[in-house]
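So you can see what is in the structure, the chains are spelled out below.
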Amino acid sequence: MAIKIAENLYLETNVDTYTLPVDLGGDSNSAVFEVWVINARGTLGTGGVNPVLQGSNDGLNWTPVTTATTDTASPSYLSLDVGAVIAFPRLRLKFTAKAKQALIDVSLSPYKRS
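This report concerns the structure included in the present document. The residue count restarts for each chain, going from 1 along the sequence in the order it is written. Given that the model is predicted, a residue must reach a pLDDT of at least 70 before its local features are reported, and side-chain atom pairs must reach 80 or more before they are shown or counted; all residues, however, enter totals for whole chains, interfaces and linings. With hydrogens and water set aside, each side-chain value is computed from the structure's full complement of heavy atoms.

### A word on the nonpolar core
One finds Leu11, Leu53, Ile86, Phe95, Ile104 and Leu108 to be the most contacted residues of the largest nonpolar core, which totals 24 residues. Those residues in contact with Ile86 that sit more than four places away from it in its chain are Leu24, Asn29, Ser30, Ala31, Leu53, Val65 and Leu91. Nonpolar cores were defined as sets of buried Ala, Val, Leu, Ile, Met, Phe, Trp, Tyr and Cys residues, with membership established by side-chain atoms within 4.5 Å. A 1.4 Å probe rolled over the protein chains alone gives each residue an accessible area, and that area as a share of the maximum for its type sets the label: buried under 20%, exposed over 50%, partly exposed in between. Residue contacts follow a heavy-atom distance rule, with two residues in contact if any of their heavy atoms lie within 4.5 Å.

Put into structure tokens, the structure is as follows:
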């Protein structure tokens, strides 16, 4: 089940922006996250929007779970499966818009990976 974790989230150029944390919950130990770039002033340009999934055990200290993935189109859709067991109970996404501001929507779908 997809959990919408951000709607119309504004990304300022070269400023790290974070979603609220989400608990994986239950038996889930991996996730697919989806990013919709809704609006950017012109094309996103070199560097685009760079989402990084982060995990935490305590909600204070965050560790990257994925590496940055660049999306340079606007509008666009990006779906990324972590593809591995996540060793953290809490997740959030960190975004950086490298060349232009953007508005994004984000959802996260936790699942059980065997």
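### Overview of the pattern of salt bridges
A side-chain nitrogen of Lys or Arg and a carboxyl oxygen of Asp or Glu constitute a salt bridge if their distance falls within 4 Å. Under the counting rule described, the total for this entry stands at three salt bridges. A salt bridge links Asp16 to Lys94; the nearest nitrogen and oxygen atoms lie 3.7 Å apart. Of the two residues, Asp16 sits in the loop between β1 (3-11) and β2 (17-18) while Lys94 sits in strand β8 (residues 90-97), which places them 78 residues apart along the sequence. Exposure remark for Lys94: the relative accessible area of 23% places this residue in the partly exposed category. Between Asp23 and Arg90 there is a salt bridge, with the nearest N and O atoms lying 3.7 Å from each other. On the criterion of sequence distance, the pair formed by Asp23 in strand β3 (residues 22-23) and Arg90 in strand β8 is long-range, its members being 67 residues apart. Secondary structure elements follow DSSP: runs of H or I of four or more residues count as helices, runs of E of two or more count as strands, with numbering from the N terminus.

### Some thoughts on the environment of Ala97
Note that Ala97 resides in strand β8. In this structure, the C-alpha to C-alpha distance between Ala97 and Asn14, residues 83 residues apart in sequence, is 5.6 Å. Look past the residues within four positions of Ala97 in its chain and what remains in contact with it is Leu11, Glu12, Thr13, Asn14, Gly48 and Val49.

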